[in-house]
Amino acid sequence: MAQYTQTFALLKANFKRDWIKLTVWLLVLAGLFVAVAAKFEGIYGNQQQLNTIAQTLRSPAMKALFGPLTHASISTAIIFATEMAVFWAIFMVIFNYSLAVGGSRAQEESGLTEMVLGGHPVGRLAPLSAAALELLIADGIFAVITGIGMTFANMPGSDSNGNWLFAVSLAAVGWTFGMISLIFSQLVADSHNVSIYNYVFFGLTYLVRMMTDVSNPDNTWWSPFGWIEKTDIYIKNNWLPVALFLILGIVAFGIAVALNVNRDIDAGIIQVRGGKRQSRFLQGPATLLFWNQRSISLFWIIGMAVLGASYGSVFNSIGKLVNDSPVIKEVLGSNGVQALEKNQVLSFVGILGIIFTVLAVIGGAMVINHLYTEERRGYLQLVNTTPHSRYYLLTTYVLYGVILAVVILYATLMTTMVVGNSTLAHSLSIRYYNRMFVAMLPVLILFMSTLVCFIGIMPKLRSIVWILLGGSFVISYFGRLMDLPNWAMKISPFYWFDKVPIHEINAEPVWWLLTIALVLMVIGFVGYRHRDLAQ
Amino acid sequence: MNHTLVLDVKGLKKSFGKFEALKDVNLTLHPGEVLGFIGPNGAGKSTTIRVILGLIKSSGGSAKVFGKDAWKESVTIHKDLAYVPGDVYLWPNLTGGQTIDLLLHMSGQTHTGRTDDLIKEFKLDTSKKNRTYSKGNRQKVALIAAFSTDVSLYVFDEPTSGLDPLNELIFQQKVKQLKESGKSVLLSSHILSEVEKMCDTIAIIREGKVIETGSLESMQHLTRNSVAVTTSEPLVKLQNMPGVYQLDFKNDQKTTAEFSVDSDQIGNVMAALSANKILQLKTTPPTLEDLFLRYYHSDNDQKVGE
Ligand SMILES: Nc1ncnc2c1ncn2[C@@H]1O[C@H](COP(=O)(O)OP(=O)(O)OP(=O)(O)O)[C@@H](O)[C@H]1O
Ligand SMILES: [Mg+2]
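This is a predicted model, so every value here is computed, not measured.

1. Some thoughts on the overall build of chain A
At step 1: When helices and strands are counted, chain A shows 18 helices and zero strands.
At step 2: In terms of C-alpha radius of gyration, chain A reaches 24 Å, essentially the compact-globule figure of 24 Å for 535 residues.
At step 3: Seen through its C-alpha atoms, chain A measures out along the principal axes to roughly 75 × 55 × 40 Å.
At step 4: Evaluated residue by residue, chain A yields a buried proportion of 55% over its 535 residues.
At step 5: Counting contacts in chain A only where the partners sit at least 6 residues apart, residues at least 24 apart contribute 79% of the total.
At step 6: With the model as given, the accessible surface of chain A reaches about 22700 Å², and the carbon-plus-sulfur share is 67%.
At step 7: Counting 33 positive and 26 negative side-chain charges, chain A places the centres of these two groups 8 Å from one another.

2. Digging into the overall build of chain B
At step 1: The secondary structure content of chain B amounts to ten helices and 14 strands.
At step 2: Here the C-alpha coordinates of chain B stretch approximately 75 × 40 × 40 Å along the principal axes.
At step 3: A buried classification covers 53% of the 306 residues belonging to chain B.
At step 4: For chain B, the share of sequence-separated contacts (at least 6 apart) that also reach a separation of at least 24 residues comes to 67%.
At step 5: Total accessible area on chain B is roughly 13500 Å²; 49% of this is exposed by carbon and sulfur atoms.
At step 6: For chain B, the distance from the average position of its 36 positive side-chain charges to the average position of its 36 negative side-chain charges is 5 Å.

3. Description of empty space enclosed by the protein
At step 1: Applying the stated rule across the entire model yields four cavities of 30 Å³ or more.
At step 2: Approximately 140 Å³ is the volume attributed to the largest cavity.
At step 3: Contributing to the lining of the largest cavity are 13 residues, with T386 of chain A together with A82, Y83, L103 and S107 of chain B lying nearest its centre.
At step 4: Sorting the residues of the lining of the largest cavity by element identifies β6 (81–84), α3 (96–106) and α5 (135–147) of chain B as the ones contributing at least two each.
At step 5: Taken together, the residues that form the lining of the largest cavity break down as nine nonpolar, four polar and no charged.

4. A closer look at unusual backbone geometry
At step 1: Between V500 of chain A and the following residue, P501 of chain A, the backbone shows a cis peptide bond with an omega angle of 5°.
At step 2: If you trace the backbone, P501 of chain A turns up in the loop between α17 (486–491) and α18 (507–530).
At step 3: The phi dihedral of K277 of chain B falls on the positive side, at around 65°, and the residue is not glycine.
At step 4: Within the secondary structure layout, K277 of chain B lies in the loop between α9 (266–275) and β14 (278–284).

5. Looking at the layout of surface pockets
Residues and elements named next belong to chain A.
At step 1: Taken as a whole, the second largest pocket spans an internal volume of roughly 880 Å³.
At step 2: Lining the second largest pocket we find 39 residues, and of these T56, M62, S347, I351 and R480 sit closest to its centre.
At step 3: Looking at the lining of the second largest pocket, the elements that each hand over two or more residues are α2 (47–58), α3 (60–66), α13 (326–377), α15 (430–457) and α16 (464–482).
At step 4: If you tally residues by element for the lining of the second largest pocket, the top one is α13, at eight residues.

6. Observations regarding the site of ligand 1
At step 1: With respect to spatial proximity, 14 residues lie near ligand 1, and among them G42, K45, S46, T47 and H190 of chain B are the closest.
At step 2: In this structure, ligand 1 is bordered by residues of chains A and B.
At step 3: At a separation of 2.7 Å, an oxygen atom of ligand 1 approaches a polar side-chain atom of K45 of chain B.
At step 4: The protein chains hide 64% of the 630 Å² of surface that ligand 1 would expose on its own.

7. Examining the environment of P217 of chain A
At step 1: As for its placement among the helices and strands, P217 of chain A is situated in the loop between α9 (191–215) and α10 (240–261).
At step 2: Taking the C-alpha atoms as reference, P217 of chain A lies 52 Å from S279 of chain A; in sequence the two are 62 residues apart.

8. A closer look at the nonpolar core
At step 1: I79, F80, F166, F225 and Y311 of chain A together with F156 of chain B are the most contacted members of the largest nonpolar core, which totals 243 residues.
At step 2: Element by element, the count of residues in this core is highest for helix α4 (residues 76–103) of chain A, at 19 residues.
At step 3: Sequence-distant contacts of F156 of chain B, that is, excluding residues within four places in its chain, are made with I49, V84, L143, F147, F171, V175, L178, V185, L186, L187 and S188 of chain B.
At step 4: The next biggest cluster of nonpolar side chains, apart from the first, holds 13 residues, and it includes V229, A257, V269 and A272 of chain B.

9. Brief notes about the domain arrangement of chain B
At step 1: What the domain assignment lists for chain B is domain 1 (7–219) and domain 2 (224–285).
At step 2: Its C-alpha centre places domain 1 of chain B at a distance of 43 Å from the equivalent point of domain 2 of chain B.

10. Points about the packing of helix α4 (residues 113–122) of chain B against α5 of chain B
All names here are of chain B.
At step 1: One can describe the packing of α4 onto α5 by two numbers: an axis separation of 9 Å at closest approach and a directional angle of 150°. The two elements α4 and α5 cross, and the hand of that crossing is right-handed. Together, R114, T115, L118, I119 and F122 of α4 and K140, I144 and F147 of α5 make up the contact between the two elements.
At step 2: Partitioned by chemical class, the residues of the contact of α4 with α5 number five nonpolar, one polar and two charged.

11. Brief notes about the sheet that holds strand β12 (residues 244–249) of chain B
Residue and element names in this part refer to chain B.
At step 1: The four strands are arranged β12-β13-β11-β14 in an open sheet whose pairing can be described as antiparallel. In this open sheet, the two strands that pair with only one neighbour each are β12 and β14. When the angles between neighbouring strand axes are averaged without regard to direction, this sheet yields 15°.
At step 2: As defined by bridge partners, β12 adjoins strand β13 (residues 256–262) across four bridges and the pair is classed as antiparallel. Note that in β13 the partner of F249 across the bridge is A257.

12. Considerations on α18 of chain A
At step 1: With 24 residues, α18 of chain A extends 35 Å from end C-alpha to end C-alpha; this agrees with the ideal 34 Å at 1.5 Å per step.
At step 2: Of the positions making up α18 of chain A, those classed as buried are P509, V510, L513, A517, L520, M521, G524, F525, G527, Y528 and R529 of chain A.
At step 3: Its buried side turned inward, α18 of chain A meets α13, α14 (390–423) and α15 of chain A together with α2 (74–78) of chain B.

About the criteria used
- All residue numbers refer to positions counted from 1 along the written sequence of the respective chain.
- Here chains are named by letter from A upward and ligands by number from 1 upward, in the order in which they appear as written.
- Under the rules for a predicted model, residues below a pLDDT of 70 receive no local features and side-chain atom pairs below 80 are neither given nor counted, while totals for whole chains, interfaces and linings still include all residues.
- Each side-chain value is worked out from all heavy atoms of the structure, with water and hydrogens disregarded.
- Helix numbering and strand numbering both begin at the N terminus, where a helix is a DSSP run of H or I of at least 4 residues and a strand a DSSP run of E of at least 2.
- Put simply, the radius of gyration uses C-alpha atoms, and a globule should come to 2.2 Å times the residue count raised to 0.38.
- Partly exposed residues are those whose accessible area sits between 20% and 50% of the maximum for their type, while under 20% is buried and over 50% is exposed, using a 1.4 Å probe and protein chains only.
- By the convention used here, residues are in contact when the closest approach between their heavy atoms is within 4.5 Å.
- For every accessible area listed, the method is Shrake-Rupley and the probe measures 1.4 Å; residues are considered covered only by the protein chains on display.
- His residues and chain termini do not enter the charge count, which takes Lys and Arg as positive and Asp and Glu as negative.
- We put the charge of a Lys on NZ, of an Arg on CZ, of an Asp on CG and of a Glu on CD.
- A cavity, in this analysis, means grid points on a 1 Å lattice covering only the protein atoms where a 1.4 Å probe fits yet has no way out; a pocket is instead an open set bounded by protein on both sides within 12 Å along at least five of seven lines, and a residue lines either one if it has an atom within 4 Å of a point.
- Grid points are joined across faces, edges and corners, and a volume is the space filled by probe spheres set on the points.
- Gly counts as polar in this scheme, as do all residues outside two lists: the nonpolar Ala, Val, Leu, Ile, Met, Phe, Trp, Tyr, Cys and Pro, and the charged Asp, Glu, Lys and Arg.
- Consider each residue's heavy atoms; a residue with any of them within 4 Å of a molecule or strand counts as near.
- Think of a polar contact as two N or O atoms within 3.5 Å of one another; within protein, one of them needs to be a possible hydrogen donor and the other a possible acceptor, and neighboring residues in sequence only count if both atoms come from side chains.
- The set of buried Ala, Val, Leu, Ile, Met, Phe, Trp, Tyr and Cys residues whose side-chain atoms join them within 4.5 Å is what this entry labels a nonpolar core.
- An automatic or database domain assignment supplies the residue ranges for each domain.
- What counts as an axis is a line fitted to C-alpha atoms, over the stretch in contact for a helix, and the angles between N-to-C directions run from 0 to 180 degrees.
- It is the rotation of the near helix from the far one that decides the hand of a crossing: anticlockwise by less than a right angle makes it left-handed, clockwise makes it right-handed.
- Pairing between two strands requires that DSSP report at least two bridges joining them.
- Multiplying 1.5 Å by the residue count of a helix minus one yields the expected span of that helix.

What follows is the structure, encoded as structure tokens:
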């Protein structure tokens, strides 16, 4: 037990450090969830509205995006559960990942863990346990707020068992993924790599869930992320997945502990190897950036191509009409059916375009963000005292980031097309994918420019870009299901191209989005040239 | 070109928000000179250097390097300058060797025989990843790159804070070689013996102001020598002689005394001592450390040289 000495003192310190982050996340995660629940009856109150949305949700495209709607009889609450479970679980995982990395590897990286363990009577396992407890408490608070809030929201068709199951299972999926992240924190020695391992693992479980949902939902049990769907909230209220999450989480924590006692501080289980003594390749900031980013860039492109391929692989089911009774077939004729099916796939491509763009922006923006990370960590003080101007430096990072994002986006769309067409009886022309691609470029550039603007003038506030990106995504992805008013939909830059690829691109928004982007970019560059560089 | 100052800082100011980190910094560095820059923690040494390097923008005054504005023409200036910071942070995934080559290439230099010699002398294992290096080893990486760079100005900000005495000695030799080949050096350091040994000129900064500049000798001249003396007759008249301070009699007869004396009064005092028949005399010029301590310990109540 001596190994755990002072766990609670560290826990208190963690809360002191993280309380703003925790408050914001919890307010948004639990608050928004409950708010949506409270508003839901207004959106899907009567039987006709329910039937319409149920039909939408039963389409394979929606199955791929949100998980299946299995039950025959439906209620407001059941629709809510189907729409929200997978979606909110993603946010819970992101939240817990960020807490777990911050409480384990990032803390060790900053030298804090060494100071605490070396100079104070603190057990070796105390930091790890404190991180695990912090997650447990944060998720616990989420469950309590959400459970109580859901009780008050009192949707038609909801019951208190289901309300609490929903709240607890979302907390449980987040916590479990957080515990798994603690294993990765033991494996590799820097937080950046831990995040990569985290999201690769999450991506795999997500893809398995998506593909099995479309093909055979029984197999979704193979993905821990898929368990969240197996709760059958408001239908059977199955608590088994919660038990599974807890068992997996505890096992994961046990593994993390076992690995932790067997490694040195500041080191990972995976050892760092030496390397070459000389380099002809590294000539300046550009080659250096390429060298440092090449593996992660490759990882992004391949990972996203796999994502595109997996979405493509379900295109034949996406194309199928939900209501393909002989009568309808007769009325529409075979051409009509085909056109309808094609439109269905095309609007799915439209949604995929948004998802891919958001991810591509994340991939590219992380490169540009790195400029500031390197500045703060002091790596750049040696670069900034060589004859390279700041404009050159920023241009290098911006070009690399934008090109990477564009390549990611196009590669993903192309693998979607190739795999998608292989499953479709009538292939979709590349024209549609190119149109989608071109429509997303101004949006992509706009987000990148916003980040550049922040890096140039207010680098401390650069995280606002993630909020803008996430907000736009939620509005566009979810807004229609949520029945958001039109003015709210217009806030998201994606809105302006939401008819693509079925319809042509509207040129007007392209120009003004690009103009805004250009202005932001110029402000960013001028700001960067004229601000003090951090120590 | 010859008579241009390498470094010309006049009335430099820098504020961070409301806090005035630099209030009045004046520095000059002539070609071929080694300028030592000393002062207590937080006095503004690194801040001054960062302005000189064009990393941060001054809030007033001027900073010129090679006669060019440090902020506006930083890129041109950096072509002929090498810098080693006190805390060296390096890209964790590169090896030391790759980092040295990268830094050289970035300054338009190449890996030469001199680079290999330096690696040998500093005994750096260049095949290791930067993330596994100790602080001293990271410092060596930056030092090796800087010393094998052929430029006219070298800026070091506490470059030896992580080095062991052996490597510090190598550092001192290398600076000497730079000086011999006509290079200019700006060296900020807390190791006063190092500064004393290597620098032609010393600038002392306190609370954002350079309060003293000059050669060690001229500073010693400005301040007091300490004297230990034994005479055959009592030294009572020392008690009210101008320029004598901290008089302390070591015996009851008052024939052995220790005191400090202003440099400009030393002639009169010596005459008085000889009149008492000197048996033993030891005078020591103040070391840089004495000077330093006097500047910071005695605070404002007793200005040196006044
Ligand atoms: N970016 C900044 N923002 C606010 N204050 C700063 C910043 N950089 C430096 N300072 C302050 O300016 C003062 C001078 O700092 P500086 O680093 O120049 O001191 P220094 O003489 O190099 O000290 P040391 O000997 O400890 O290295 C300090 O009080 C420091 O806290
Ligand atoms: Mg300093």
